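Working through the structure, step by step
Here is what each chain is made of, one letter per residue.
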Amino acid sequence: MNINQLRYFYELAQHRHFARAAKACFITQPTLSASITTLEKSLGTELVVRNSQFVALTQAGEVVLRHAERMLLEQDSMRQELSLFSGELSGALRIGIVPQSSVDIMPLIKRFNTLYPNVTLRLSVMTHGTLLEQLDLHQTDIGLGFDEPLTDGQRRSLDVQLRRPNPMAVLSPRPAAGDTANRGPLKLADLQPLPLILPSRTMQFRHHFEQAAARQQLSFKVVLETDSLFHLVNAVSHGLGSAVVSAGIASTANQLFKVHCQPLEDATAGTTAFITRKHSVTPAMRAFLDMAEVDES
């Protein structure tokens, strides 16, 4: 068994397709298949269920995958540590974010890229539940998610820091010139006569909105639900209705898409926070969190 075989196996588990995994590894499909077979022989067990193509991982394959992820992460961490001897941090940093956060991640990413241009940044948008799973499986390095209660297992393995309140706001088509009636803060009750565009029910932000509405026994006319922020903002700009989003998203949308934003006074989407593993922390992870902490202060 060698590290290349584990990397090829890891990519196959991610892509669940031999040809796509081989392309990701920059090798031919026969080379990938032969490497997996050699790995299975060296471990004395089948790792992959396959006929003419990938079907699934065996139970033994799932065990090997968990260890392979950690070993590959440690190898990447070692390379990052060694890159510091040349004065230039290098490697990769995988960041996962929930769609509705009070933190605008792009200024942080731009600043990090300026400080550490040799670190490749990978940004993924996912639900809060998926974010926690990927952090636990070492598939994401730093998460920007919700400060929600963790399970006992998650509390042992994950660290929550740099918490920020996550206020809500309302996006609407820009009011006509001289219209001052639609520029102040709003309350949930003000939204009842409006056609609303809301995040999908699978999203944590939507749960916070529904809870706030239930506490006041309010109901709304929802004309569109979407898990795409782009389509949510685009729908507002086309006049389909008003959207409830985080204040951070509202501010960015106001600047980029010229839609009107107003704070929502009596509803909040809890608190957002940076979430990381307590162990297997790479130099790139430490550098990003140190920078975020300085930005916070």
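Computed from a prediction, not measured in an experiment: that's the story for all the values here.

Cut-offs applied
- Residues numbered from 1 in each chain as written.
- Predicted model: local features only at pLDDT ≥ 70, side-chain atom pairs only at ≥ 80, totals over all residues.
- Heavy atoms only, no water.
- Buried < 20%, exposed > 50% of the residue type's maximum accessible area, 1.4 Å probe, protein only.
- Helix = DSSP H or I, 4+ residues; strand = E, 2+ residues; numbered from the N terminus.
- Arc of directions from axis to C-beta.
- Polar contact = N/O pair within 3.5 Å; in protein donor to acceptor, adjacent residues only side chain to side chain.
- UniProt positions renumbered as here; feature names shortened; annotations may be inferred.
- Axes fitted to C-alpha atoms, helices over the stretch in contact; angles between N-to-C directions.
- Parallel < 35°, antiparallel > 145°, perpendicular 65-115°, else oblique.
- Contact = heavy atoms within 4.5 Å.
- Nonpolar A, V, L, I, M, F, W, Y, C, P; charged D, E, K, R; others polar.
- Phe/Tyr/Trp six-rings, centres within 6.5 Å; stacked < 30°, edge-to-face > 60°.
- Core = buried A, V, L, I, M, F, W, Y, C linked by side-chain atoms within 4.5 Å.
- Pairing = 2+ DSSP bridges.
- Left-handed = near helix turned anticlockwise from the far one by under 90°.
- Salt bridge = Lys/Arg side-chain N within 4 Å of Asp/Glu carboxyl O.

1. What to know about helix H5 (residues 105-115)
- Along H5, the residues classified as buried are Ile105, Leu108, Ile109 and Phe112. One side of H5 holds all its buried residues, which, seen down the axis, span an arc of 100 degrees. Within H5, the exposed residues directed more than 90 degrees away from the buried face are Lys110 and Thr114.
- Where H5 begins, one side-chain oxygen reaches toward the backbone nitrogen of methionine 106, 3.3 Å away; that side chain belongs to aspartate 104.

2. Some thoughts on the UniProt feature "domain: HTH lysR-type" (unreviewed entry) in the protein
- The positions that UniProt labels "domain: HTH lysR-type" (unreviewed entry) are, in the present scheme, residues 1-58.
- In the segment residues 1-58, helix accounts for 62% and strand for 12%; the C-alpha atoms at its two ends are 18 Å apart.

3. A look at the packing of helix H2 (residues 18-25) against helix H3 (residues 29-43)
- Relative to each other, H2 and H3 sit at 100 degrees, their axes nearing to 8 Å. By the angle between their directions, the pair H2 and H3 is classed as roughly perpendicular. Residue-level inspection shows Phe18, Ala19, Ala21 and Ala22 of H2 in contact with H3, the latter providing Gln29, Leu32 and Ser33.
- Here the contact of H2 with H3 is built from residues that sort into five nonpolar, two polar and no charged.

4. Some points on the packing of aromatic side chains
- The full count for this structure, using the stated rule, is four aromatic pairs.
- Between phenylalanine 112 and tyrosine 116, the ring centres sit 4.9 Å apart and the planes meet at 45 degrees, which makes this aromatic pair tilted.
- With a centroid separation of 5.4 Å and an interplanar angle of 45 degrees, the aromatic rings of phenylalanine 209 and phenylalanine 220 are classed as tilted. Taken together, the positions of phenylalanine 209 in helix H8 (residues 204-215) and phenylalanine 220 in the loop between H8 and strand E8 (221-226) put the pair 11 residues apart, joining distant regions of the chain. Here phenylalanine 209 and phenylalanine 220 have matching classes, each one buried.
- Taken together, the aromatic side chains of Phe112, Tyr116, Phe274 and Phe288 make up a single cluster linked through ring pairs.

5. Here's the deal with the nonpolar core
- The biggest cluster of nonpolar side chains holds 28 residues, and the ones touching the most others in it are Met168, Leu188, Leu191, Phe209, Phe220, Val244 and Leu264.
- A per-element tally of this core places strand E10 (residues 260-277) first, with five residues.
- Ignoring any residue separated from it by four or fewer positions in sequence, one finds leucine 264 in contact with Met168, Ala169, Val170, Leu186, Lys187, Leu188, Leu191 and Val244.

6. Describing the sheet that holds strand E6 (residues 158-172)
- In space, the eight strands of this open sheet follow the order E4-E3-E5-E10-E6-E9-E7-E8, with mixed pairing throughout. The open sheet has two edge strands, strand E4 (119-125) and E8, and neither has a second partner. The average angle at which neighbouring strand axes cross in this sheet is 25 degrees, direction not considered.
- With 11 bridges connecting them, E6 and E10 associate as antiparallel partners.

7. What to know about helix H6 (residues 128-136)
- Listed as buried for H6 are His128, Leu131, Leu132 and Leu135. Buried residues of H6, viewed axially, fall in a sector of 95 degrees; they line one side.
- Structurally, H6 contributes buried residues whose contacts are with strand E3 (91-97), strand E5 (142-146), helix H7 (152-157), E6, H8 and E10.
- In the segment just after H6, histidine 138 is the residue with positive phi, at about 65 degrees.

8. Quick word on unusual backbone geometry
- Of note, arginine 16 is a non-glycine position whose phi angle comes to about 55 degrees, a positive value.
- At glutamine 217, a residue that is not glycine, the phi angle is positive and equals roughly 55 degrees.
- For glutamine 217, the location among the structural elements is in the loop between H8 and E8.

9. Things to note about the packing of helix H1 (residues 3-15) against helix H4 (residues 59-83)
- Axis separation between H1 and H4 bottoms out at 9 Å; the angle between their running directions is 120 degrees. With respect to H4, the element H1 is oriented oblique. Crossing of H1 against H4: the hand is left-handed. Facing Ile3, Leu6, Arg7, Phe9, Tyr10, Ala13 and Gln14 of H1, the residues of H4 in contact are Gly61, Val64, Leu65, Ala68, Glu69, Met71, Leu72, Gln75 and Arg79.
- Tallied by class, the residues present in the contact of H1 with H4 amount to 10 nonpolar, three polar and three charged.

10. Some points on the pattern of salt bridges
- Counted under the stated rule, the structure contains 10 salt bridges.
- A salt bridge links arginine 201 to glutamate 225; its shortest N-O distance comes to 3.4 Å. Here arginine 201, found in the loop between strand E7 (195-199) and H8, pairs with glutamate 225, found in strand E8; they are 24 residues apart in sequence, far enough to count as distant.
- Assessed through its relative accessible area of 52%, arginine 201 is described here as exposed.
- A single salt-bridge network, built from bridges that share partners, covers Arg201, Arg206, Glu210 and Glu225.

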